[in-house]
Amino acid sequence: MLRQVLHAGLRTSFHALGRFVASHPVFFASGPVLLAILLGSSFSRYRVEEDVEGLLVPKHSLAKIEGNLVDSLFPINRSKHALYSDLQTPGRYGRVIITTKKGSVLDPLQMDAILELHRRISQMQVTVPASGLNSFNYTFSYLCLLDDKNFCIIDDIIRAMEEIQSARSSNRTLPVLRYPITELADGRQAYIGHQLGGVANGGAVQGAGLRGEGVRSAKALQLTYYLQSRGGLMDRVASQWEKAFCTELKQFGDLHPKLTVYPSTSSSLRTDFQFSSVLARRPLLASLGVCGVLAVLCCSMRDCVRSKPWLGLLALLSITLSGLTAAGILNLTRATYNSTYLGIPFVMLGHGLFGSFEMLSSWRRTREDQHVKERVASVFEDVMLRFSGSTLIHLLTLGLAASPLTNMDAVRLFCRTATLAVAVSYIYTLSFYSSCLVFTGYLETGYRHGCFCRRVPKQDRLDSKPAWYRYLMYTRYQDETQNPPISNNSNLNHDSHLLLGCMRRCYGDWITNTYVKPFVVLLYLVYISFGLMGFLQVSQGSDPSALVAMDTATVLYTRAQQHYFSSYSPVIGFYIYESAPYWNSSVQHDLLEYAKGFQRISWLEAYLNYLSDRNESTSQPRENFTHTLRHYFLKEPEFAHFADDIIFAERGQGEEPDVAASRIFLVAKTTENKREEMSILLDTLRRLSLTSRVRFLIFNPSFVYLDRYSTAVSSPLRHSLIAVIFLLALSSLALVEPLVAIWLGLTILSVQFGVLGFMTLWNVEMDCMSILCLIAAMGHSVDCSAPLLCCFASGRGESRTRWVRVALERHGIPSLQTLICYSASLVPLGSVRSNLTSTLFRCLMITACCSALHTLAFLPTLLTFLPPSKNRPGPHPDTDSHHRQEVECVEMNDTRVVDQITTV
């Protein structure tokens, strides 16, 4: 009873709303257009997101907390002797990988060219401002990080190459270059595992405490130039320097064809991430054009009066205006734009087309001789309850993912913007598109051509016209003095539409055929099997380069780095952040055991070897241990650089200070699956830190992408899915049939499972873009399947097969039209050379295919032999329509009299 009361109340409300819109069509048509133009003029405030790393990493993670602690203990400017690549996140930098097509980068000729490039980069000047009396020339020596002697810090491989070049020019014995840890002329050990790549070793080389082999050849070399960015001016100068750096490398590559350069700067990721939007501009316009053509065809009929081609274009115009309005609101609120927003137009397109085609289908089921206001009110009463429900599910899934519960800004901002866009699109469908339906209704009432708006002559005048004119002006002219049978009128109206005729005469009978059902069930089992196969192979895509445009500096640099520098992991900082009894032999043993199996540069290990060489015990009292460390070990030239790795804390006057914190550098041997191995290593060392007597943590900037990335990305999808299931369960108590809610929930789960599995089989990883598509897929699946299920569940008194066919006739066609236009609009997107748009295209195309399978195949077959039951008496699908139309006919007669009097 409560469900019936609520249904009646809502339908009555929408009926009144439809009459109100039909009574003021000019206002509801012009208002959205003016509002969109006014808000669209705010694009002068358009801003692009600058902090790409903040978008793509979890907002709250343990790795970020650890990074803040590391930066407070060992800031990057404190490393005066060695700056390890990828150890900390610098503000500005320029980085280049140089590879050789033949030979080795350590050959004399290639080495001279690389050292010449280094000198040119060091002497390169940028002028800021570009012109004027206040302009100043800046060089790398002004911008670089300085060591304790006020010299620019450079990579250790440059010093090693300069030593080799100097020895070669003076005919001295060449120093041995070891890999991955070598020894420089001043006795200092330097890790060059990330500076030389594609290394071929020439055999073991003995050295004092060194681990490594002599380098025979190397295919690649990596150089990094770190810059200071202390303020607004310095940051602007550093930005100009990065551009000049890329220009210099391009000129170097042109002069040395045997060498290939792959540059990367601190702004490369941001530039290449936003470049996807630039590449997608023309394909998006092409998508709009293709969708417009198909929308016109889907709205066209053989009958020129009842054909509504303009409504297809007006539906796209309504979606475009709503998108422009939403963008204007974002600009006025000073929101920023990023390339993930490319998926929002397709979310709006799928939902908006569904509502438009549902309204048009309902319009064609109304009586033609009824007044336009009543026809529009009937359409609102029939469609808007379902359309509002699907819109509510869209808003729920996207809105929950846009809440502070979401731990990733890219997902949160996308869903927030998509929520606004869907809400505006819903309002514009109720206002702008409905008013357009009113105008076309008046054209139909006046027997005017659906495309040219010219009045169609009657049959007696049409017979004297040429054949092409008769074909163009064909219509089923109904004289006002005649009263044809209602059911025949309805059938003729429907059958003149091609898709509906095919659905009624062919597909409906075929899909419900007894011999076809087993094959459809078998197809569903195959669908579930492949979905499960992909689900078991889901992998997280935490690499930011997977979300940038193809053939850009970031992608090329990442590929070169993976190809030549994948033998070793990034440098891992092993930070002991509390005072520890380093003089204790058991603590020394534990720390050495933790670092065992890694390539390492450890002050503790070097100090213990130093004590052993001096025939001193490694287990000493605290005062002796610290005194020797400060006054002897760190004073030696080859060990002086370890002073950057130790922090002393004063105890009291006359007492030796404590080692308050220290760090050790570790590098792990890796294979091709470096990111998975790093994730496992991170979890292993963190578990070890919980049970260790020494309090330590490990950190590398890449850990912010790995740390609980899969949880941070998938949690919005999980929360939205749970919320939708809860909403369906709650609404089944008072608003919809319980079995409809159950079927709808199972359909959503099935579509999500299939999309997740098939996108994995299509080489799509679980990243923020694919998760956004999965969240949008929930609303899309509801759009397509909910009307079919509601129509089937509401039927009584006929067989299941009969009601499946009726549901397909009434709601299968709008879903099919939406899927055709939606899928065709995705095709131009697949041609964009971008990893982000490729993920978007694959996920949305799979979503459309899975939704089509469930709406047009799986559900019509399963509903023929699964609940709900049709045994209870109820309205006949034709009898109910016939009765409603007879009542409307009585109301129509009075209305027509009023219209005639008004006309006179």
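A. Inspection of the overall build of the chain at higher detail. When helices and strands are tallied, the chain shows 31 helices and 13 strands. Viewed in the frame of its principal axes, the chain has a C-alpha envelope of about 120 × 60 × 55 Å. In the chain, which comprises 904 residues, the proportion classed as buried is 54%. A separation of at least 24 residues holds for 77% of the contacts in the chain among residues at least 6 apart in sequence. Working note: accessible area of the chain is about 39500 Å², and carbon and sulfur atoms make up 59% of it. Side-chain charges of the chain comprise 84 positive and 74 negative groups, with the mean position of each set lying 6 Å from the other.

B. Summary view of the packing of helix α13 (residues 372-401) against helix α26 (residues 709-731). In contact at an axis separation of 8 Å, α13 and α26 are set at 145 degrees when each is read in the N-to-C sense. Seen along the crossing, α13 lies across α26 with a hand that is right-handed. Across the interface between the two elements, Leu392, Ile393, Leu396, Thr397, Leu400 and Ala401 of α13 pack against Pro716, His719, Ser720, Ala723, Val724, Leu727 and Leu728 of α26. Each residue belonging to the contact of α13 with α26 can be placed in one class, and the counts come to 10 nonpolar, three polar and no charged.

C. Representation of the side chain of Thr325. Structurally, Thr325 is set in helix α11 (residues 309-332). Given the relative accessible area of 2%, Thr325 is considered buried. Excluding residues within four positions of it along the chain, Thr325 makes contact with Leu35, Ala36, Leu39, Val424 and Tyr428.

D. Geometry of the pattern of salt bridges. Under the definition given, this model contains 31 salt bridges. Lys308 serves as the salt-bridge partner of Glu444, at 2.6 Å between the closest nitrogen and oxygen. Taken together, the residues Glu444 in helix α14 (residues 409-445) and Lys308 in the loop between α10 (281-299) and α11 connect sequence positions 136 residues apart. In this pair, the class of Glu444 matches that of Lys308, namely buried. For Arg693, the salt bridge goes to Asp590, with nearest N and O atoms at 2.6 Å. In this pair, Arg693 is assigned in the loop between α24 (674-691) and β13 (696-699) and Asp590 in helix α21 (residues 585-594), connecting sequence segments 103 residues apart. One connected set of salt bridges, linked through shared partners, spans Arg622, Glu623, Arg651, Glu655 and Asp658.

E. Up close: a nonpolar patch on the surface. A cluster of nonpolar side chains, Val521, Leu522, Leu525, Val526, Phe530, Met533, Leu761 and Phe865, forms an exposed patch at the surface whose accessible area comes to about 660 Å². The leading source of residues in the nonpolar patch is helix α19 (residues 517-535), at six residues. With respect to the secondary-structure elements, Leu761 resides in helix α27 (residues 738-761). According to the relative accessible area criterion, Leu761 is partly exposed, its value standing at 33%.

F. Just the state of the cysteines, in detail. In this structure the tally under the stated criterion is one disulfide. Between the sulfur of Cys144 and that of Cys152 lies a disulfide, 1.9 Å long from S to S. Disulfide Cys144-Cys152: torsion about the S-S bond near -70 degrees, hence left-handed. Of the two residues, Cys144 and Cys152, neither departs from the other in class, the shared state being buried. Here Cys502 stays free of any disulfide, with the sulfur of Cys506 as its closest cysteine sulfur at 5.6 Å. Taking relative accessible area as the criterion, Cys502 reaches 37% and is therefore assigned partly exposed. Cys773 takes part in no disulfide bond, and the closest cysteine sulfur, belonging to Cys843, lies 4.4 Å away.

G. Broad picture of the nonpolar core. Of all hydrophobic cores here, the largest spans 235 residues; its most connected members are Leu196 and Trp241. Ignoring any residue separated from it by four or fewer positions in sequence, one finds Trp241 in contact with Gly94, Ile121, Met124, Val126, Phe140, Leu143, Tyr225 and Leu227. Counting seven residues, the second-largest nonpolar core is a separate cluster that includes Val305, Val456, Tyr469 and Met473.

H. Focus on the confidence of the model for the chain. For the chain, per-residue confidence averages 85 on the pLDDT scale, and 90% of positions sit at 70 or higher. Here residues 480-495 is a poorly scored stretch, pLDDT under 50, and it has 24 contacts once near neighbours within four places are set aside; other chains count. Confidence drops under a pLDDT of 50 for residues 879-904, and excluding neighbours within four residues, the segment shows 22 contacts in the predicted structure.

I. Molecular detail of α19. With 19 residues, α19 should reach 27 Å at 1.5 Å per residue; the first-to-last C-alpha distance of 27 Å fits that figure. Of the residues making up α19, those classed as buried are Lys517, Val520, Tyr527, Gly531 and Gly534. Seen end-on, α19 carries its buried residues on one side only, within an arc spanning 105 degrees. In α19, those exposed residues whose orientation departs by more than 90 degrees from the buried face are Pro518 and Phe519. Of the surrounding secondary structure, the elements contacted by the buried residues of α19 are α18 (498-511), α27, α29 (800-826) and α30 (835-862).

J. How the structure looks around the pairing of strand β9 (residues 572-576). Along β9, five of the five residues are buried, which leaves the element largely enclosed by surrounding structure. In the sheet, β9 pairs with strand β12 (residues 658-667) via five bridges, with the strands oriented antiparallel. Note that in β12 the partner of Gly573 across the bridge is Phe665. Judged from the four bridges that link them, β9 and β13 form a sheet pairing that is antiparallel.

K. Examining the packing of aromatic side chains more closely. Tallied over the entire structure, the rule returns 36 aromatic pairs. Centre to centre, the rings of Tyr524 and Phe858 are 4.9 Å apart; their planes meet at 75 degrees, and the pair counts as edge-to-face. Of the two residues, Tyr524 is situated in helix α19 and Phe858 in helix α30; the sequence distance between them amounts to 334 residues. Given the relative accessible area of 2%, Phe858 is considered buried. Put simply, the rings of Tyr607, Tyr610, Phe625, Phe633, Phe639 and Phe642 pair up and form one aromatic cluster. Arg95 extends its terminal NZ or CZ atom over the ring of Tyr93, reaching a point 4.7 Å from the ring centre.

L. Layout of α27. For α27, with 24 residues, the first-to-last C-alpha span of 35 Å sits near the 34 Å given by 1.5 Å per residue. Looking one or two residues past α27, Asn763 carries a phi angle of roughly 65 degrees, positive in sign.

M. Representation of the pairing of strand β1 (residues 92-100) within the structure. With nine of nine residues buried, β1 is to be regarded as a mostly interior element. Here β1 runs beside strand β8 (residues 259-265); their pairing, made up of seven bridges, is antiparallel. Residue pairing for β8: Gly94 is matched across the bridge by Thr265.

N. Spatial organisation of unusual backbone geometry. Pro129 follows Val128 through a cis peptide bond whose omega is -10 degrees. In this fold, Pro129 is placed in the loop between β2 (125-128) and β3 (136-139). In this structure, the amide linkage connecting Tyr179 to the following residue, Pro180, adopts the cis form with an omega of 5 degrees. Secondary-structure assignment places Pro180 in strand β4 (residues 178-183).

Reading the values: rules and limits
Residues numbered from 1 in each chain as written. Predicted model: local features only at pLDDT ≥ 70, side-chain atom pairs only at ≥ 80, totals over all residues. Heavy atoms only, no water. Helix = DSSP H or I, 4+ residues; strand = E, 2+ residues; numbered from the N terminus. Buried < 20%, exposed > 50% of the residue type's maximum accessible area, 1.4 Å probe, protein only. Contact = heavy atoms within 4.5 Å. Areas by Shrake-Rupley, 256 points an atom, 1.4 Å probe, with all protein chains shown as cover. Lys, Arg positive; Asp, Glu negative; His and termini not counted. Charge placed at Lys NZ, Arg CZ, Asp CG, Glu CD. Axes fitted to C-alpha atoms, helices over the stretch in contact; angles between N-to-C directions. Left-handed = near helix turned anticlockwise from the far one by under 90°. Nonpolar A, V, L, I, M, F, W, Y, C, P; charged D, E, K, R; others polar. Salt bridge = Lys/Arg side-chain N within 4 Å of Asp/Glu carboxyl O. Patch = residues over 30% accessible without salt bridge, like charges linked within 9 Å, V, L, I, M, F, W, Y side chains within 5 Å. Disulfide = S-S within 2.5 Å. Core = buried A, V, L, I, M, F, W, Y, C linked by side-chain atoms within 4.5 Å. pLDDT = per-residue confidence, 0-100. Expected span 1.5 Å × (residues − 1). Arc of directions from axis to C-beta. Pairing = 2+ DSSP bridges. Phe/Tyr/Trp six-rings, centres within 6.5 Å; stacked < 30°, edge-to-face > 60°. Lys NZ or Arg CZ within 6 Å of the ring centre and 35° of its normal.

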